[in-house]
Amino acid sequence: MISREPTLERLATAQQLLLTPFGLDESHLLRALSEITAHKVDDADLYFQYTRSEGWSLEEGIVKTGSFSIDQGVGVRAVSGEKTAFAYSDDISEASLLDAARTVRTISAAGRNGRVKAPTRKIATSRSLYHGVDPISTLDSAAKVELLGKVEKLARSRDPRVAQVMAGLASEYDVVLVARADGTLAADVRPLVRLSVTVIAEQNGRREVGSGGGGGRFGLAYFDEAHIAEYVDQAVQQALTNLDSRPAPAGEMTVVLGPGWPGILLHEAIGHGLEGDFNRKGSSAFSGRIGERVAAKGVTVLDDGTIADRRGSLNVDDEGNATQRNVLIEDGILKGYIQDSLNARLMKVKPTGNGRRESYAHVPMPRMTNTYMLGGDKVPEEIVASIKKGLYATNFGGGQVDITSGKFVFSASEAYWVENGKIQYPVKGATLVGNGPDALTRVTMIGNDMALDSGVGTCGKEGQSVPVGVGQPTLRIDGLTVGGTA
C-alpha cells in the first residue's frame, strides 16, 4: 500500500537527525532550491543522508576487526537537458547548502526573467516495506561477538576437515531526506544487516573454500538458530564438495542453473542492459527493442523494489519516487527499462522508482533493486535429468558483462558434471561465457522453484555500490560455452 502517512513519520525522523541539529528547517531547503531554479534548469534536488554503520569479524575465535562509523552530509544537484551539475558537503549548514546551490545552478547560465513562483509543498507517497529500526542497537557488543562465536563453533562441529572459519556481521542505519524542485519532500529510514561465514576445508593437503550468509532490512534478531545453521551448512557443504571436485570440461554444452543466487547471472548479463541510461544512449544490446522478442517463451523478468524486508527493496528511491514492481520482459517480449528521473524525462516515460546512489556524495542513476525471473512448470529434478552431457551450476562467484555487446563471463563456485541425467561428480574452474540477449533465447526449461537469494548481493556501477537482490528458478540453457580446466 502506498500512502503519505509513513512519509510524515520518516520526515520527522529525518528532520530530527538531519535538519534540527544544524539549525535548518524546510524554509532553508526551499531557499536553496530557489537559488538553483533562479536559473533555468529542468530539475533539481537536495539529498540529505545520515548513516551509522558497524562491522565485526571473527577468526580463530578471536575478534579480528571491529568498526563503527557515522557519516552525514548533503548532495545538491541541478539538471539541464542531459547535463548534471553536482556538489556535496559533509558540512550540513545553511552556508554550505547555499554555496552548493549557487555552484550547481551555473549549469544553466541564463537567468530567468521576473520572479519564480515558490513550489507548493508536496509530501511524497511511499511504501512501508520494513520497520525503521536501528539494527546496531538491537544487540549489544557482547551478544554480537557471541553470535559470531556460535557460527564458528557450529561450522567446526560439522566436519573434522573444516580447518578455518571466518565470520562477519555488518549493521547499518541509514536515514535519507529528499527535497525536490517541484516541492516534493520524501524520506526513508533504512535498516540493513548481513551475516556471512567463510569456511576453508582441508584434506590430503588440498584446501577448498565455501561461503554462506544472508540478511535484509531488519534487526539482528533475524539471525536465529535456524538461519545460522542454514548459512553454516551451505558454506561447509560447498567447501567439502569442492574437495572432491575435478577439473571442469570445456566446450559448448547444456547448462542448468540452480535457483536463487545463480540469478546473479541474470542480473549481470541482462539486468544492466535494461537500465535506462544505457538504452537512451543506444549503448545497450537491448536499445530500441521494446515490443520485440528478446527471450524464449516463458521467460518473464522483473525488477521489484517492493518486496518486504528484502536487501534490494526501498520505500522510496533516492530521488523520492515510490519503488515499483516493474515487468521488464514478459513471456519473452521486452516491455520496458528501469528508469531514474533524468532518463525517464529524456525518454518521455515515467520514472520506475530506480533512481539510486551510493551516498550523498554521488549522483543518482538507474539501478536495479531485486531482479528475478518468474518460475515455470517444470520440476527441478526433471530439468537435471534432461541433461545428456552438461553442467549443473548451483552457486556462483564473480562475473562481469560488457553492456554494449551483452557478453558475460561468470565463474561457478559450485558445479557438477552430469551425464545421461545423473550427477557424476563436482567440478572446479567452470566459467560460463556467453551473450546475455542470446542466452535468454536459449532457455528451454524453467523450474517451478523460483527463489530469491539469501540477502547478500551488492551491485557496482560506475564506481558506486548499492545493495541488491537477485533470484530465479532452476533454468536449463542450451548451447552455452563453458571454459574449463580439463
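One can find the structure itself at the top, above this paragraph.
Calculation criteria
Residues numbered from 1 in each chain as written. Predicted model: local features only at pLDDT ≥ 70, side-chain atom pairs only at ≥ 80, totals over all residues. Heavy atoms only, no water. Core = buried A, V, L, I, M, F, W, Y, C linked by side-chain atoms within 4.5 Å. Buried < 20%, exposed > 50% of the residue type's maximum accessible area, 1.4 Å probe, protein only. Helix = DSSP H or I, 4+ residues; strand = E, 2+ residues; numbered from the N terminus. Polar contact = N/O pair within 3.5 Å; in protein donor to acceptor, adjacent residues only side chain to side chain. Contact = heavy atoms within 4.5 Å. Pairing = 2+ DSSP bridges. Expected span 1.5 Å × (residues − 1). Phe/Tyr/Trp six-rings, centres within 6.5 Å; stacked < 30°, edge-to-face > 60°. Axes fitted to C-alpha atoms, helices over the stretch in contact; angles between N-to-C directions. Parallel < 35°, antiparallel > 145°, perpendicular 65-115°, else oblique. Left-handed = near helix turned anticlockwise from the far one by under 90°. Nonpolar A, V, L, I, M, F, W, Y, C, P; charged D, E, K, R; others polar. Salt bridge = Lys/Arg side-chain N within 4 Å of Asp/Glu carboxyl O.

Let us look at the nonpolar core. Side chains of nonpolar character tend, in soluble globular proteins, to be buried together. Ranked by internal contacts, the top residues of the largest apolar core, which has 44 residues, are V299, I329, L391, F396, L432 and L440. Among the nonpolar cores identified, the runner-up in size contains 34 residues, and A44, F48, I92 and L185 belong to it.

Moving on, we come to the side chain of T184. Turning to its location among the elements, T184 is positioned in strand β6 (residues 184-203). Separated by 2.8 Å, the side chains of T184 and D182 make a polar contact. Residues within four places of T184 in sequence aside, it is in contact with K122, A124, V178 and A179.

Now for helix α6 (residues 263-271). Most of α6 sits inside the fold, with nine of its nine residues counted as buried. Those residues of α6 that fall on the buried side of the exposure criterion are G263, I264, L265, L266, H267, E268, A269, I270 and G271.

So, about the sheet that holds strand β15 (residues 370-373). Backbone hydrogen bonds hold the strands of a sheet together, and the pairing may be parallel or antiparallel. Across the sheet, which stays open at both edges, the six strands sit in the order β12-β11-β10-β15-β24-β21 with mixed pairing between neighbours. Every other strand in the sheet has two partners, leaving β12 (333-334) and β21 (451-452) as the edge strands with one partner each. Of the strand pairs in this sheet, strand β10 (residues 301-304) and β15 are connected by three bridges, and their pairing is antiparallel. Residue pairing in the sheet places V301 in a bridge with M373 of β15.

Moving on to helix α2 (residues 26-37). Relative to the 16 Å expected for 12 residues at 1.5 Å per residue, α2 spans 16 Å between its end C-alpha atoms, a close match to the ideal helical length. At its buried positions, α2 is contacted by β1 (43-59), β2 (62-80), α3 (94-104), β5 (162-180) and β6.

A word on the packing of aromatic side chains. Here the distance between the centres and the angle between the planes together describe a pair of aromatic rings. Applying the stated rule across the entire model yields eight aromatic pairs. Ring plane angle 65° and centroid distance 6.2 Å describe the contact between Y88 and Y360, whose orientation is recorded as edge-to-face. With Y88 in strand β3 (residues 83-89) and Y360 in the loop between β13 (355-356) and β14 (365-366), this residue pair connects regions lying 272 residues apart in the sequence. Given the relative accessible area of 6%, Y360 is considered buried.

Turning next to the packing of helix α4 (residues 141-158) against helix α5 (residues 225-243). α5 packs onto α4 with a crossing angle of 45° between their chain directions and a minimal axis gap of 10 Å. As the angle between them shows, α4 and α5 are arranged oblique. Classified by chirality, the crossing of α5 by α4 is right-handed. In this structure, α4 contributes L147, K150, V151, L154, A155 and R158 to the contact, and α5 contributes E225, I228, A229, V232, D233 and V236. Along the lines of polarity and charge, the residues of the contact of α4 with α5 split into eight nonpolar, no polar and four charged.

A full pass over the atoms with the stated rule returns 35 salt bridges. Residue D159 pairs with R161 through a salt bridge whose shortest N-O separation is 2.9 Å. The partly exposed category is assigned to R161, whose relative accessible area is 26%. Here the salt bridges share partners, and the residues they tie into one network are D43, D45, R77, R180, E319 and R357.

So, on to the environment of E268. Counting through the fold element by element, E268 comes out in helix α6. Sequence-wise, E268 and K335 are 67 residues apart; in three dimensions their C-alpha atoms are separated by 18 Å.

Our next topic: the packing of α2 against α3. Packed helices, taken two at a time, are described by their axes: the angle between them and the distance between them. Axis separation between α2 and α3 bottoms out at 8 Å; the angle between their running directions is 20°. Viewed along their axes, α2 and α3 adopt a mutual orientation that is roughly parallel. Pair α2 / α3 crosses with right-handed handedness. Residue-level inspection shows H28, L29, R31, A32, E35 and I36 of α2 in contact with α3, the latter providing E94, L97, L98, A101, R102 and V104. Residue composition of the contact of α2 with α3, by class: seven nonpolar, one polar and four charged.

So, on to unusual backbone geometry. Its identity is not glycine, yet D331 carries a phi of approximately 50°, on the positive side. For D331, the location among the structural elements is in the loop between β11 (325-330) and β12. Residue D331 is classed as partly exposed on the basis of its relative accessible area of 31%. The backbone of N420 sits at a positive phi, close to 50°, despite the residue not being glycine.

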